[in-house]
Amino acid sequence: QVQLVESGGGLVQPGGSLRLSCAASGFIFSIHALGWYRQAPGKQRELVAAITSGGTTNYSDSVKGRFTISRDNAKNTVYLQMNSLKPEDTAVYYCNRGASYSGTYIPRDYWGQGTQVTVSS
């Protein structure tokens, strides 16, 4: 069974940092693209960062320069380093398993349960 388990969320002050982790199992991790999404109450889930099996990364304009996605294939884990956090970053953050053997990120219907990030003073 494909499993994606997010962790690392919490309450931080504006300007603070968090590192989210997504531990994966049940598939060949290294050949799949991965994405981080977020969903605030009453809003659509949006893609914030993605990384391909080859290590190519992409970011939404709202987080570019502040967030960094990375992967450790030896640990079957994808990370989202979140710096200079703003109140508008408050959301539940989810990881997604994308397509295999693709030069671009293509989402697929495999999701973790999410981790809450709250940015507030």
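Placed above this text is the structure.
Residues numbered from 1 in each chain as written. Predicted model: local features only at pLDDT ≥ 70, side-chain atom pairs only at ≥ 80, totals over all residues. Heavy atoms only, no water.

**Q** How do you make sense of the overall build of the chain when you look at a structure like this?
**A** Assigned secondary structure in the chain consists of zero helices and eleven strands. Shown N-terminal to C-terminal, the secondary structure of the chain runs as helices and strands in the order β-β-β-β-β-β-β-β-β-β-β. Relative to its length of 121 residues, the chain is compact, with a C-alpha radius of gyration of 13 Å against a globular reference of 14 Å. Its C-alpha atoms give the chain principal-axis dimensions of about 40 × 30 × 25 Å. Within the chain, the fraction of its 121 residues that count as buried is 43%. In the chain, 58% of the contacts between residues at least 6 apart in sequence involve partners at least 24 apart. Here the chain displays about 6200 Å² of accessible surface, and carbon together with sulfur accounts for 46% of that area. Mean positive and mean negative side-chain charge positions of the chain (11 and 7 charges, respectively) differ by 3 Å. (Helix = DSSP H or I, 4+ residues; strand = E, 2+ residues; numbered from the N terminus. Rg over C-alpha atoms; globule rule 2.2 N^0.38 Å. Buried < 20%, exposed > 50% of the residue type's maximum accessible area, 1.4 Å probe, protein only. Contact = heavy atoms within 4.5 Å. Areas by Shrake-Rupley, 256 points an atom, 1.4 Å probe, with all protein chains shown as cover. Lys, Arg positive; Asp, Glu negative; His and termini not counted. Charge placed at Lys NZ, Arg CZ, Asp CG, Glu CD.)

**Q** Looking at this structure, how should I read the sheet that holds strand β7 (residues 67–72)?
**A** The strands making up a sheet are joined through hydrogen bonds of the backbone, oriented either antiparallel or parallel. One open sheet accounts for four strands, arranged β1-β3-β8-β7; its pairing is antiparallel. Both edges of this open sheet fall to β1 (3–7) and β7, since each of them pairs with a single strand only. Across the sheet, the axes of successive neighbouring strands diverge by a mean angle of 15°, strand direction being ignored. Two strands pair when backbone bridges link them, and β1 and strand β3 (residues 18–25) are joined in this way by five bridges, in the antiparallel orientation. Pairing of Ser7 across the sheet is with Ser21, part of β3. (Pairing = 2+ DSSP bridges. Axes fitted to C-alpha atoms, helices over the stretch in contact; angles between N-to-C directions.)

**Q** Can you help me understand the packing of aromatic side chains in this one?
**A** Considering all chains together, one arrives at three aromatic pairs under this definition. Between Phe27 and Phe29, the aromatic rings sit 6.3 Å apart at their centres with planes inclined by 35°, giving tilted as the arrangement. Accessibility classification places Phe27 together with Phe29 in one group, the buried group. Their ring planes at 70° and their centres at 4.8 Å tell us that Tyr37 and Trp111 sit as a pair that is edge-to-face. Taken as a pair, Tyr37 in strand β4 (residues 32–39) and Trp111 in strand β10 (residues 107–111) lie far apart in primary sequence, 74 residues in all. It is Arg45 that lies over the ring of Tyr94; its NZ or CZ is 3.8 Å from the centre. Taking NZ or CZ as reference, Arg45 lies 4.6 Å from the ring centre of Trp111, over its face. (Phe/Tyr/Trp six-rings, centres within 6.5 Å; stacked < 30°, edge-to-face > 60°. Lys NZ or Arg CZ within 6 Å of the ring centre and 35° of its normal.)

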